[in-house]
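A look at the structure
Listed below are the residues making up each chain.
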Amino acid sequence: MNFQITEYCHHILEEYIEEGDICIDGNGGDTEFLCQKVGETGNVYAFDVQEMAIAHTRERLEKANLSTRAKLIQDGHEKMQTYVKEEAKVIIFNFGYLPGGDHKIATRAATSLTAIESALNLLKKGGIINLCIYSGDEEKEAILNYLKTLDSKKWLVIVNSYFNRKNDPPLPVFIYRLK
């Protein structure tokens, strides 16, 4: 394991996902990972605002014979409660820009905070939300400040950091629903 952020987060998340679970994600590798873990009886809702990202995810899932396990939705995570009517066990977010993608297309603090609130409303007891924060200071600060306000009797927030890596490495965050 080389401990890139997605590999590190997948290692933690696989302890929580069981056959038949409902999970929510963005696109690509995280969606494929979740589809593998939920099995034939589970379901993954994958959101992205970019048509190209949805097409890439569809192609990736078809190659892996996993396309029947995912519902691909071209819309923002902040609207997930419009599409998902059941509680989710795991929800994954990637904030900022798509690594290797157009840096002009990036998440914004306002919609990111709304998306996190939606995720908190959909997460089942014992579930986990994973935030991978690639973004700049304004959005990162807004998210971290918001997470400090969560009721510690209901939520456990763990903020990790790549302490000895340079160039503002991504920040892996986990939110556990206790009650």
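Structure first, text after, so check above.
Owing to the predicted nature of the structure, the values given are computational and were not obtained by experimental measurement.

**Here we look at the sheet that holds strand E1 (residues 22-25)**
With mixed pairing, seven strands are arranged side by side in an open sheet as E3-E2-E1-E4-E5-E7-E6. The two strands at the open ends of the sheet, each matched to only one other strand, are strand E3 (70-74) and strand E6 (155-159). Taking each pair of neighbouring strands and ignoring which way they run, the sheet shows an average axis angle of 15°. Direction of pairing for strand E2 (residues 43-48) relative to E3: parallel, over a ladder of five bridges.

**Here we look at unusual backbone geometry**
A positive phi angle is found at asparagine 65, which is not glycine, with a value near 55°. Along the chain, asparagine 65 turns up in the loop between helix H3 (51-63) and E3.

**Focus: the packing of helix H1 (residues 5-13) against helix H2 (residues 29-38)**
Close contact between H1 and H2 brings their axes to 11 Å; oriented N to C, the two are set at 20°. When the axis of H1 is compared with that of H2, the two are roughly parallel. The way H1 lies across H2 gives a crossing that is right-handed. Listed contacts from H2 to Thr6, His10 and Leu13 of H1 are Gly29, Asp30 and Phe33. The class makeup of the residues in the contact of H1 with H2 is two nonpolar, three polar and one charged.

Parameters at a glance
Residues numbered from 1 in each chain as written. Predicted model: local features only at pLDDT ≥ 70, side-chain atom pairs only at ≥ 80, totals over all residues. Heavy atoms only, no water. Pairing = 2+ DSSP bridges. Helix = DSSP H or I, 4+ residues; strand = E, 2+ residues; numbered from the N terminus. Axes fitted to C-alpha atoms, helices over the stretch in contact; angles between N-to-C directions. Parallel < 35°, antiparallel > 145°, perpendicular 65-115°, else oblique. Left-handed = near helix turned anticlockwise from the far one by under 90°. Contact = heavy atoms within 4.5 Å. Nonpolar A, V, L, I, M, F, W, Y, C, P; charged D, E, K, R; others polar.

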